[in-house]
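Descriptive analysis of the structure
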Amino acid sequence: MLFRSRFAKGAAKLTPALARDVALVAARARGRTGWKRLVIEVYADKPGDTPANESLAARRAEALRKAFVAAGIAESALTVAVGDLAAKRAPTFDARISK
């Protein structure tokens, strides 16, 4: 599932909209069977200082990991990845969880 909400510029704290998205995805995942892993991919922005952007991406990934755990997703079911936006791979599927 691709989130439409975003972090605030330069921040690693979840916005209210992003927190709602995390809660929605977590609730849908908890209500489903057959899934084994939730993958969280966070990418650094291209413009600006690369080390600072990579650090921010890592902090954002950690904030998302904590939010999913707080929403009832087992830490063992999470994979958190941080990467460079320039190296982002094309999406191969849309992992939407629907009713």
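Our structure's up above, just so we're on the same page.
Read on for an overview of the structure. Model, not experiment: these values are computed from the prediction.

The next subject is the environment of alanine 27. Examined against the element boundaries, alanine 27 turns out to sit in helix H1 (residues 16–30). Overall, alanine 27 belongs to the partly exposed group, its relative accessible area being 36%. Here the alpha-carbon distance between alanine 27 and isoleucine 73, two residues 46 residues apart in the chain, equals 8.8 Å.

Put simply, H1 and helix H2 (residues 50–70) touch, their axes get as near as 9 Å, and they point 50 degrees apart. As the angle between them shows, H1 and H2 are arranged oblique. Classified by chirality, the crossing of H2 by H1 is right-handed. Counting all contacts with H1, which are made through Leu18, Val22, Val25 and Ala26, the residues of H2 involved are Leu64, Ala67 and Phe68. Taken together, the residues of the contact of H1 with H2 sort by class into 7 nonpolar, no polar and no charged.

Procedures and definitions
- Residues numbered from 1 in each chain as written.
- Predicted model: local features only at pLDDT ≥ 70, side-chain atom pairs only at ≥ 80, totals over all residues.
- Heavy atoms only, no water.
- Helix = DSSP H or I, 4+ residues; strand = E, 2+ residues; numbered from the N terminus.
- Buried < 20%, exposed > 50% of the residue type's maximum accessible area, 1.4 Å probe, protein only.
- Axes fitted to C-alpha atoms, helices over the stretch in contact; angles between N-to-C directions.
- Parallel < 35°, antiparallel > 145°, perpendicular 65-115°, else oblique.
- Left-handed = near helix turned anticlockwise from the far one by under 90°.
- Contact = heavy atoms within 4.5 Å.
- Nonpolar A, V, L, I, M, F, W, Y, C, P; charged D, E, K, R; others polar.

By themselves, these figures tell us nothing about what the structure is for.
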